[in-house]
Every structure is written in C-alpha cells, then in structure tokens.
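# Overview (structure and organization)
Here is how the chains run, residue by residue.
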Amino acid sequence: MTDTEEIKSLIASLPAYFNASVDIDADGLLKVLATEGVKFADVLAASWCTYNKWNIESSADAPTLVFIHTKGFIVSVGKNKFMSKAIKYESIPFTAFRNYAPIDYNDQGKDGKFCIEFMGSGGVLIGRLQWRWWSKRFHNASKEIMAVCDERDRILAIISKAIGGQNDDVDANNSTHNNKPETPPSSSIAEEIKKLADMRKQNIITNEEFKLAKKQLLENN
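Residues numbered from 1 in each chain as written. Predicted model: local features only at pLDDT ≥ 70, side-chain atom pairs only at ≥ 80, totals over all residues. Heavy atoms only, no water.

## Here's the deal with the sheet that holds strand β6 (residues 111–119)
We count it as follows: At least two bridges found by DSSP between two strands is the condition for calling them paired. The way it works is that DSSP assigns letters per residue, a run of H or I at least four long becomes a helix, a run of E at least two long becomes a strand, and they are numbered from the N terminus. Working convention: axes come from line fits to C-alpha atoms, limited for helices to the stretch in contact. Angles between N-to-C directions cover 0 to 180 degrees. Contacts between residues were defined by any pair of non-hydrogen atoms, one from each residue, lying within 4.5 Å.
Strands sit in the order β4-β3-β2-β1-β7-β6-β5 across an open sheet of 7 strands; the sheet is antiparallel. Two strands bound the open sheet, and with one partner strand each, they are β4 (90–93) and β5 (99–106). Between one strand axis and the next, the sheet turns by 30° as a mean value, whatever way the strands run. As paired elements, strand β2 (residues 64–69) and strand β3 (residues 72–76) share 5 bridges and run antiparallel to each other. Among the inter-strand pairings, Leu 65 is bridged to a residue of β3, identified as Ser 76. Along the sheet, helix α1 (residues 3–12) contacts β1 (43–52) and β2; its crossing angle with β2, the most-contacted strand, is approximately 115°. Against the sheet, helix α2 (residues 26–35) touches β1, β2 and β3, its axis set at about 145° to β3.

## Let's talk about the confidence of the model for the protein
The line we're drawing: The predictor reports its confidence for every residue as pLDDT, a score running from 0 up to 100.
With 79% of its residues at a pLDDT of at least 70, the protein reaches an overall mean of 81. When the criterion is pLDDT under 50, residues 167–187 qualifies, and its contacts beyond four places in sequence or with other chains add up to 34 contacts.

## Overview of the pattern of salt bridges
Cut-off, in case you're wondering: Within this document, salt bridges are pairs made up of a side-chain nitrogen of Lys or Arg and a carboxyl oxygen of Asp or Glu, the two lying within 4 Å of each other. Classification of residues uses two cut-offs on accessible area relative to the type maximum, computed with a 1.4 Å probe and protein chains only: under 20% is buried, over 50% is exposed, and between them is partly exposed.
Enumeration over the complete set of coordinates arrives at 5 salt bridges. The partner of Arg 152 in a salt bridge is Asp 104, with the nearest N and O atoms 3.0 Å apart. In this pair, Arg 152 is assigned in helix α3 (residues 142–172) and Asp 104 in strand β5, connecting sequence segments 48 residues apart. Judged on exposure class, the residue Arg 152 and its partner Asp 104 are both buried. By sharing partners, the salt bridges in this structure join Asp 104, Arg 152 and Asp 153 into a single network.

## Looking at the layout of surface pockets
Gaps left between atoms show up when a probe the size of a water molecule is rolled over them. Note the threshold: Grid points spaced at 1 Å over the protein atoms alone were grouped into cavities, where a 1.4 Å probe fits but cannot get out, and pockets, open sets with protein on both sides within 12 Å along at least five of seven lines, with lining residues defined by an atom within 4 Å of a point. Grid points are joined across faces, edges and corners, and a volume is the space filled by probe spheres set on the points. Each residue is assigned to one class: nonpolar for Ala, Val, Leu, Ile, Met, Phe, Trp, Tyr, Cys and Pro, charged for Asp, Glu, Lys and Arg, and polar for all the others, Gly among them.
Considering only enclosed or pocket space, the largest pocket measures out at about 460 Å³ in volume. If you go around the largest pocket, you meet 18 residues; those closest to its centre are Tyr 51, Ala 62, Thr 64, Val 75 and Lys 88. Going through the elements one at a time, β1 and β3 are the ones with two or more residues in the lining of the largest pocket. For the lining of the largest pocket, the residue count by class is 8 nonpolar, 4 polar and 6 charged.

## Re the pairing of β5
Burial analysis of β5 places 7 of its 8 residues in the buried class, which makes it a mostly covered element. Bridge analysis of β5 against β6 gives 8 bridges, and the strand direction is antiparallel. Residue pairing in the sheet places Asn 99 in a bridge with Met 119 of β6.

## Topic: the side chain of Ser 47
Condition: Each polar contact in these results corresponds to two N or O atoms within 3.5 Å; when the atoms are within protein, one needs to be able to donate a hydrogen and the other to accept it, and residues that are neighboring in sequence are counted only if both atoms are side-chain atoms.
Looking at the element boundaries, Ser 47 is found in strand β1. In terms of polar contacts, Ser 47 uses its side chain to reach the side chain of Trp 131, at 2.9 Å. If near-sequence neighbours (up to four positions away) are discounted, Ser 47 is found in contact with Leu 14, Thr 64, Leu 65, Val 66, Trp 131, Glu 151, Arg 154 and Ile 155.

What follows is the structure, given as structure tokens:
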C-alpha cells in the first residue's frame with residue numbers, strides 16, 4: 001500500500017463518536033508530515049478530536065485529526081487555510097511543553113469534554129486536545145461517554161509512552177534537553193485534579209480557584 005492508501009485506511013478505522021463528519025485531504029496530511037520531518041512510519045496513533053490553544057473552556061472548535069508521532073503531535077485534516085494555499089495545521093513537539101495532564105469539563109451532565117492539557121513554564125496553557133460528548137434529552141449516553149473517555153485515555157497512554165521512550169533515549173545518550181517535558185503527573189496528582197474538577201462542578205470552588213489550585217499542583221509535581 002502507498003502512504004496515501006495507508007493514511008486513508010488508518011483514518012477509516014478511527015471511531016468518530018460525537019464528532020461531525022469532516023472531509024480530509026490525505027495527500028495534504030502527508031505533505032504536513034513531510035514538512036515537519038515526520039515519516040508516516042513514525043506515526044504512533046491518530047484520533048478524531050478538537051484542538052484549542054486558548055484558555056477558553058467553552059469554545060466551539062471544529063473536529064480535526066491528531067497524529068501522535070515519536071517526537072510530538074500534529075493536528076490537521078490536510079485542508080488549506082481559508083483564502084490561502086498553505087495547509088492549516090498545528091505541530092507541537094514534546095519539547096515545547098513542561099507538563100501535561102488529563103482534565104475533564106462538563107455542564108451538569110448535558111455535555112462535556114475529556115481533554116489532555118499541555119502546559120509550559122508557569123502552568124501557561126500551550127494547547128488542549130479535546131474529545132467532546134453531549135447527551136440528548138431522555139437519552140442515556142453513558143456507553144458513548146465512556147467510549148469517548150477511553151479514546152482520550154488511549155491517546156494519553158500513547159503520548160506518555162512516547163515521551164518516556166524519548167527520555168530514555170536522552171538518558172542513554174548521556175545528554176539532556178533543557179526544555180524536555182517532565183514526567184507526567186503522578187496518579188495521586190491526577191486524582192487531586194479530578195477532585196478539584198468535581199468540586200468546581202458542584203460550585204464548591206470557583207473556576208479561578210480551580211485553575212490556581214491545578215497550576216500549583218502541576219508546578220509542584
């Protein structure tokens with residue numbers, strides 16, 4: 001199979017869940033990978049999600065594809081930017097962020113997002129991968145919601161493994177990256193963040209208090 005056939009086959013195998021159908025350009029995606037120096041063989045996983053680099057939790061973002069590779073991740077559907085011949089995409093190397101964590105947002109059980117947030121120095125948000133869900137009235141969407149969460153967790157595990165392998169390579173070469181990502185938050189810190197998120201949902205703490213507490217936890221990790 002050619003790389004174009006391979007990438008089409010990979011995308012066809014991905015669950016879309018709550019994402020709307022979006023046209024993709026396989027050749028455009030391969031051009032993006034080539035531009036970033038990534039071979040298709042270096043792609044570890046892909047997933048339908050949304051991407052946001054602004055600290056706005058309620059923003060509406062178009063469905064897109066994320067490709068996790070050995071050095072970072074790329075977000076794109078291979079299409080050109082509006083009124084431009086340049087392909088629209090975001091490329092985030094693992095060395096661009098200091099920490100990352102799974103974060104969940106929801107609005108009283110009606111809709112929500114399972115996310116992976118990537119933070120730079122000082123806990124500043126660099127980007128957020130988001131897997132959205134929503135529930136129609138009188139419809140129990142529990143199975144679908146759990147499937148969306150599992151998809152986020154699948155990508156999180158692949159990113160954690162890729163970063164761990166990258167750090168192993170650095171140690172083996174007896175060299176360091178000044179800005180290489182730190183180890184992922186420990187399970188205890190991740191649990192603390194989830195508890196804070198639950199407290200925010202119950203209006204026990206404000207959104208600003210949640211953000212400050214989360215920032216302090218990650219900085220002390």
